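Residue-level structural notes
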Number of protein chains: 2
Amino acid sequence: MTRRFTEFELIEQLFAPLAGPAGLGLADDAALLPAGEETVATVDALVAGVHFFADDPPGAIAKKALRVNLSDLAAKGAEPLGFLLALALPQDWTNDWLAAFAQGLGEDAGSFSCPLLGGDTVKTPGPLTISITALGCAKGRFVPRTGAKVGDGVFVSGTIGDAALGLRLRKDPALAARLSASSRDFLLERYLLPRPRLELASQLRAGASAAMDVSDGLIGDLAKLARASKVAARVKLEDIPLSEAAREALAFAPDLLETLLCGGDDYEILACGDARLFGVSPGGRRDFRRIGEIVAGEEPPRLVDERGNIIEFSALSFSHF
Amino acid sequence: MTRRFTEFELIEQLFAPLAGPAGLGLADDAALLPAGEETVATVDALVAGVHFFADDPPGAIAKKALRVNLSDLAAKGAEPLGFLLALALPQDWTNDWLAAFAQGLGEDAGSFSCPLLGGDTVKTPGPLTISITALGCAKGRFVPRTGAKVGDGVFVSGTIGDAALGLRLRKDPALAARLSASSRDFLLERYLLPRPRLELASQLRAGASAAMDVSDGLIGDLAKLARASKVAARVKLEDIPLSEAAREALAFAPDLLETLLCGGDDYEILACGDARLFGVSPGGRRDFRRIGEIVAGEEPPRLVDERGNIIEFSALSFSHF
């Protein structure tokens, strides 16, 4: 058996190459960020067996841990500055595993311009636990959860429910076997690797009265946003954007609807604001889809089908907690 | 059995009261820090059974988790701005435990002017795991690890080895029984509750060429500082400040010397610089004690006793890793 890296070696060989200038080569006790605009800070922790499967590819685990944080920055209209990593490694870690983890992390640190600023690596008798704090720069405007106003449209980016469905497929091979290979692969990938919507940050700054990322299910997260804004919301089921793969699954298992709308891990953006501001982006892309509207009231979001019937779910949102 | 808090309840009832203005009442997805001077950022993770005892008082666990980060800020000459908390709770957490944890955290957030900025609470099948990212404000100067120069004095604050000895006492009741009650209590307390040396930050900014906090043992941490600064160091054993309690223990167990100098958890400040700058502080206090000097070379620190003999240890520092 090869000797495992010492803590010094793994910092120097695996993680220091991921450090940005503010990370001081990971050779100091802290990072030093230049003076600048307002700073946005967010933290998310992921535990093996709770937020991801312990046998997922290490690079994908690393990317997911970073991306769920980048998704929060995007929803606030912020641009990434960098991140700090606290990594609790289980007893059986290997050099290869850690090298693949660092490689995946480095790929994302590069592609999202979000360098490593600092970290701490410890051992744990429990499962792999990753805590990432992401720091971002508020480019003149922070998009709050609390700003939704009566009359605003409710919008989402991308398609909803794919990742929750991907998780179901991981746990239910019989269900997975009923889907086409391309749909199955698409949904599994959506669970494995969220796509933080950083490209939408500037649109959000310009036009959103309120926004948050969808991490615990669309309906539950909309409830949180409405509650924080002291308003209510109405959503039309038929307007919620679903992928082809999700439609394929729904066609033979209509009861998956609750999973789609109340499951977690979408990491799309839920935003409120004036319809004109969420129309067509400069390149002709339609980044946001209008799914409903903000109304007066304090009750949970109301979801209606095409006949105007109210749809009720047993649990509004998925909780990792 | 009482129902446990939901995630929403524990945020609203236990943690939101600890939030500073930048934490936005913990009601948003991220914190928003005002534009300002350079920001210093550091992260430390603590795992039950590795960095503290799972049955320690929850308030003390919370304080230790925050204080080890504040110690890093102090060593860099920074003033606290606030912190983010990622908390992975084991299956058996109770409302009472969590309330006591939050209370301890709140006491320290108040007394160190370091409010909660944001957090994430998740469940884990493993041990309690706490990751704190502390943000600080660099008041015009960041004190690096890398600045020690040949001819600088080497200084430490406080006394060295007390916490490492406290840990030994926790594990070795027979040893504990040989100490006086007051010494035992003092050493146990030093392990349980580090005292971050934030009051020394301004002296460090003014006078230190290099500094770091002593968390993995004096000799090992001095080796890290010297290596980062590309110098060597010589330390006189007789000049290393020891508490009365440590001297009492050493008197009947001289082999504890290695524990004292190479154990961890001191959270005192190791600093280099001009002797005049570390003399007597405005109030007449002597905050730092000179223990040696920086010399040219690349070898590990050399520790000499009063007869000039070199003292060697088997391991330079304690590793939690």
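Residues numbered from 1 in each chain as written. Chains lettered and ligands numbered in written order. Predicted model: local features only at pLDDT ≥ 70, side-chain atom pairs only at ≥ 80, totals over all residues. Heavy atoms only, no water.

1. So, the sheet that holds strand β11 (residues 302-304) of chain A
Residue and element names in this part refer to chain A.
- Strand order in the open sheet formed by 7 strands is β7-β9-β6-β10-β8-β11-β12, and the pairing between neighbours is mixed. Among the strands making up the open sheet, the edge pair consists of β7 (208-214) and β12 (310-311).
- Across 6 bridges, the pairing between β7 and strand β9 (residues 268-273) is antiparallel. Directly across from Ala208, in β9, lies its bridge partner Gly273. (Pairing = 2+ DSSP bridges. Helix = DSSP H or I, 4+ residues; strand = E, 2+ residues; numbered from the N terminus.)

2. Details of the environment of B:Glu293
Residues and elements named next belong to chain B.
- Residue position: Glu293 is located in strand β10 (residues 288-295).
- Separated by 57 residues in sequence, Glu293 and Lys236 place their C-alpha atoms 9.0 Å apart.
- Leave out the neighbours within four places in its chain, and Glu293 touches Asp152, Gly153, Val154, Ala232, Ala233 and Arg234. (Contact = heavy atoms within 4.5 Å.)

3. Here we look at the UniProt feature "binding site: ATP" (unreviewed entry) in chain A
- Here, the residues flagged by UniProt with the feature "binding site: ATP" (unreviewed entry) are A:Gly119, A:Asp120, A:Arg145 and A:Ser215. Maximum C-alpha separation among the annotated residues is 31.0 Å over a sequence range of 97 residues, too wide for a single clustered spot.
- Here A:Asp120 shows up in strand β4 (residues 116-123).
- For A:Asp120, a relative accessible area of 12% translates into the label buried.
- For A:Asp120, the residues in contact, after removing those within four places along its chain, are A:Glu7, A:Leu85, A:Ala86, A:Leu87, B:Val43, B:Asp44 and B:Ala45.
- Counting through the fold element by element, A:Ser215 comes out in the loop between β7 and α8 (218-229).
- Judged by its relative accessible area of 17%, A:Ser215 falls in the buried class.
- In contact with A:Ser215, other than residues within four places in its own chain, are A:Asp221, A:Gly264, A:Asp265 and A:Tyr267. (UniProt positions renumbered as here; feature names shortened; annotations may be inferred. Buried < 20%, exposed > 50% of the residue type's maximum accessible area, 1.4 Å probe, protein only.)

4. Points about the domain arrangement of chain A
Residues and elements named next belong to chain A.
- Each assigned domain of chain A is listed here: domain 1 (7-138) and domain 2 (153-311).
- Here the C-alpha centre of domain 2 lies 27 Å away from the C-alpha centre of domain 1.
- Taken together, both faces of the contact between domain 1 and domain 2 bury some 1,700 Å²; the carbon and sulfur share is 62%.
- When the buried area of domain 1 at its contact with domain 2 is split by residue, Phe53, Lys64 and Arg67 rank highest and sum to 29% of it.
- Linking domain 1 to domain 2 there are 2 salt bridges.
- Measuring nitrogen to oxygen at the nearest pair gives 2.6 Å for the salt bridge that ties Asp56 to Arg170.
- For the pair domain 1 and domain 2, the number of links is 8 residue pairs in polar contact (both at pLDDT 80 or more). (Domains from an automatic or database assignment. Buried area = accessible area lost by both parts, 1.4 Å probe. Salt bridge = Lys/Arg side-chain N within 4 Å of Asp/Glu carboxyl O. Polar contact = N/O pair within 3.5 Å; in protein donor to acceptor, adjacent residues only side chain to side chain.)

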